[in-house]
Amino acid sequence: MKVTVIGTGYVGLVTGACLSEMGNHVLCLDVDKRKIEILNSGGIPIHEPGLEEMVKRNAADGRLQFTTDIAAAVHHGTLQFIGVGTPPDEDGSADLQYVLAAARNIGQHMTDYKVIVDKSTVPVGTADRVRAAVQVVLAERGVSVDFAVVSNPEFLKEGAAVEDFMRLDRILIGADDERARLLMRAIYAPFSRNRDKLLLMDTRSAELTKYAANAMLATRISFMNELARLAERVGADIELVRHGIGSDPRIGTHFLYAGTGYGGSCFPKDVKALVRTGHEMGIDLRVLTAVEAANDSQKRVLVDKVVARFGENLQGRSFALWGLAFKPNTDDMREAPSRVIVHELLRRGAAIRAYDPVAMDEARRVFGDLPGLSFASHQADALRDADALLIVTEWRAFKSPDFEQMRALLKEPLIFDGRNLFDPALVRSLGLEYHAIGRGEA
Ligand SMILES: NC(=O)c1ccc[n+]([C@@H]2O[C@H](COP(=O)([O-])OP(=O)(O)OC[C@H]3O[C@@H](n4cnc5c(N)ncnc54)[C@H](O)[C@@H]3O)[C@@H](O)[C@H]2O)c1
């Protein structure tokens, strides 16, 4: 099939690459010339395991191409996937300007039947707005061209996006048009061979399902983070509590990790946008409002522990920081807890030496030239003469460190672990002071 993917970010590029991997002819469009230049010269603009090889392979075979030419992109695909960003607007609602601009571009150039697929995470009713936007442009052009709008929310996880897309656990399709449904079934058939993964529904239910999924996952995280605070006060260990409840099949083991709060490009903005939709509809989504508030304070939990240990004034102190990305296996720092931690520590006069296996370039871009913040070339290098180590992202390379070396390099043998990576008894037996999240310390 001929497919156009609009937006070559985490979702668009992975979608384009995986669809071309199955033999489709995919043309990816972006308005960001820099990204398209990188892609056309054989690189990729983001870090995502397995993506670079897949992009190179399919580009070399001629099935995957990149362009900034809107007319060519609209002309190319019968299926037009929209995977552009939907960042939060000032009031927390999803900003639809990029989605609607992409829709208008399609309306401007289409000459035959198109299925416009909303893959971006968009509020309920967006499929209708996309349809209306295209109709307005067609009317301006004085032409009548048949098209359908389909909602096809994406559930991939950054850091495992290629694997998730290739082994989808469900394919959600909201469509009211039979021809569009058939085409969507066909494009996803290769991903659905061992069992039918297609969930067909109306567009509004599909749009709401995506927000409901992210809101539920965010709720589990905030719930555990709040319980972790209680566990510290009552002398319980949240890790044991996690095992205790996770073994109940009604609860399950996923997304029960206490930590430094959720970040990334999805949970924070999607929870906000859902609360906003509720507000617009006269419904106060109180649980989700609390989820967001709990997360905001959780991003400061490591700083609170540092302040409890060293006092408010951190002048003259220096800290090693392991992990800048909002989660492992990605360079994405959008809404990452590290951003709050860095600013809160610097604000109190501390110096920071940070290390991340892949997000250092992104961190340099995000933080610019912040006085007091420097970057280490290796995780051990960050530790040298620091008053303590703060662990912010659970990268694999941090999970089994050389504690002897750590003790030797740190000025004080002290760890603030925002991801509960270690056994407290073991670390303490090696002569390190250890503060984790919700692990029985008052
Ligand atoms: N990142 C994730 O893990 C993830 C997972 C599921 C769903 N989503 C959703 O998918 C959408 C995209 O997220 P992302 O993280 O890939 O965003 P991103 O910011 O990484 O990429 C968006 C891309 O769209 C491009 N763009 C903007 N307007 C355009 C236009 N009119 N024409 C062509 N290109 C245009 C931008 O230049 C950018 O490269 C969002 O709605 C997000 O909520 C993201």
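Residues numbered from 1 in each chain as written. Predicted model: local features only at pLDDT ≥ 70, side-chain atom pairs only at ≥ 80, totals over all residues. Heavy atoms only, no water.

**Points about the packing of aromatic side chains**
Using the criterion set out here, one finds 10 aromatic pairs in the structure. Between the aromatic rings of Phe255 and Phe267, the centroid separation amounts to 6.0 Å while the plane-to-plane angle is 50°, which identifies the pairing as tilted. Here Phe255, found in the loop between α10 (238-246) and α11 (267-280), pairs with Phe267, found in helix α11; they are 12 residues apart in sequence, far enough to count as distant. Chaining the aromatic ring pairs together yields one cluster made of Phe165, Tyr188 and Phe191. The ring of Tyr113 has Arg179 lying over it, and the distance from NZ or CZ to the ring centre is 3.6 Å. Note that Arg309 overlies the ring of Phe310, its terminal NZ or CZ placed 5.1 Å from the centroid. (Phe/Tyr/Trp six-rings, centres within 6.5 Å; stacked < 30°, edge-to-face > 60°. Helix = DSSP H or I, 4+ residues; strand = E, 2+ residues; numbered from the N terminus. Lys NZ or Arg CZ within 6 Å of the ring centre and 35° of its normal.)

**Quick look at the pattern of salt bridges**
According to the stated counting rule, one finds 36 salt bridges in the structure shown. Notably, a salt bridge pairs Glu21 with Arg57, separated by 3.0 Å at the nearest N-O pair. In this pair, Glu21 is assigned in helix α1 (residues 10-21) and Arg57 in helix α3 (residues 51-60), connecting sequence segments 36 residues apart. A salt bridge links Glu412 to Arg317, with the nearest nitrogen and oxygen atoms 3.7 Å apart. Taken together, the positions of Glu412 in the loop between α17 (403-409) and β13 (414-417) and Arg317 in the loop between α13 (301-310) and β9 (318-322) put the pair 95 residues apart, joining distant regions of the chain. For Glu412, a relative accessible area of 23% puts it in the partly exposed group. Taken together, the shared-partner salt bridges connect Arg309, Arg317, Asp387, Lys411, Glu412 and Glu433 into one network. (Salt bridge = Lys/Arg side-chain N within 4 Å of Asp/Glu carboxyl O. Buried < 20%, exposed > 50% of the residue type's maximum accessible area, 1.4 Å probe, protein only.)

**Things to note about the site of the ligand**
The ligand sits among 26 residues. The nearest are Asp30, Lys35, Thr86, Glu158 and Lys269. Thr121 is positioned with one of its backbone polar atoms (N or O) 2.9 Å from an oxygen atom of the ligand. In this structure, a nitrogen atom belonging to the ligand sits 2.7 Å away from a side-chain N or O atom of Glu158. Protein contact buries 90% of the 840 Å² of open area that the ligand shows by itself. At the level of secondary structure, the elements contributing two or more residues to the shell around the ligand comprise α1 and α5 (97-109). (Near = heavy atom within 4 Å. Polar contact = N/O pair within 3.5 Å; in protein donor to acceptor, adjacent residues only side chain to side chain. Areas by Shrake-Rupley, 256 points an atom, 1.4 Å probe, with all protein chains shown as cover.)

**Things to note about the sheet that holds β13**
Strand order in the open sheet formed by 6 strands is β11-β10-β9-β12-β13-β14, and the pairing between neighbours is parallel. Strands with a single pairing partner mark the edges of an open sheet, and in this sheet they are β11 (373-375) and β14 (433-435). The sheet shows a mean angle of 20° between the axes of neighbouring strands, direction not considered. Of the strand pairs in this sheet, strand β10 (residues 351-355) and β11 are connected by 3 bridges, and their pairing is parallel. Looking at the pairing, Ala354 lines up with Phe375 of β11. Packed on one face of the sheet, α13 meets β9, β12 (388-391), β13 and β14 and runs near 150° to β13. (Pairing = 2+ DSSP bridges. Axes fitted to C-alpha atoms, helices over the stretch in contact; angles between N-to-C directions. Contact = heavy atoms within 4.5 Å.)

**With respect to the pairing of strand β5 (residues 114-118)**
With 5 of its 5 residues buried, β5 lies for the most part within the structure. The alternating pattern of β5 places Lys114, Ile116 and Asp118 on one face and Val115 and Val117 on the opposite face, and all of these are buried. With 4 bridges joining them, strand β4 (residues 79-82) and β5 adopt parallel strand pairing. Across the sheet, the residue bridging to Phe81 is Val117, located in β5. Running through α5, the crossover from β4 to the neighbouring parallel element β5 is right-handed. Here β5 runs beside strand β6 (residues 147-151); their pairing, made up of 5 bridges, is parallel. (Right-handed = clockwise from strand over helix to strand, strands pointing away.)

**Structural notes on empty space enclosed by the protein**
By rolling a water-sized probe across the atoms, one finds the places where empty space is left. All told, the structure shown has 1 cavity of 30 Å³ or more when counted by the stated rule. Lining the largest cavity, in full, are Asp118, Ser120, Val122, Ser151, Asn152, Pro153, Ala206, Glu207 and Lys210. Residues belonging to the lining of the largest cavity are distributed by class as follows: 3 nonpolar, 3 polar and 3 charged. (1 Å grid on protein atoms, 1.4 Å probe; cavity = no way out; pocket = protein on both sides within 12 Å on 5 of 7 lines; lining within 4 Å. Points joined across faces, edges and corners; volume = space filled by probe spheres on them. Nonpolar A, V, L, I, M, F, W, Y, C, P; charged D, E, K, R; others polar.)

**Considering the environment of Gln135**
Of note, Gln135 is situated in helix α6 (residues 126-141). The class of Gln135 is partly exposed, set by a relative accessible area of 43%. Each C-alpha atom, one on Gln135 and one on Asp146, is 9.8 Å from the other, the two residues being 11 residues apart in sequence.

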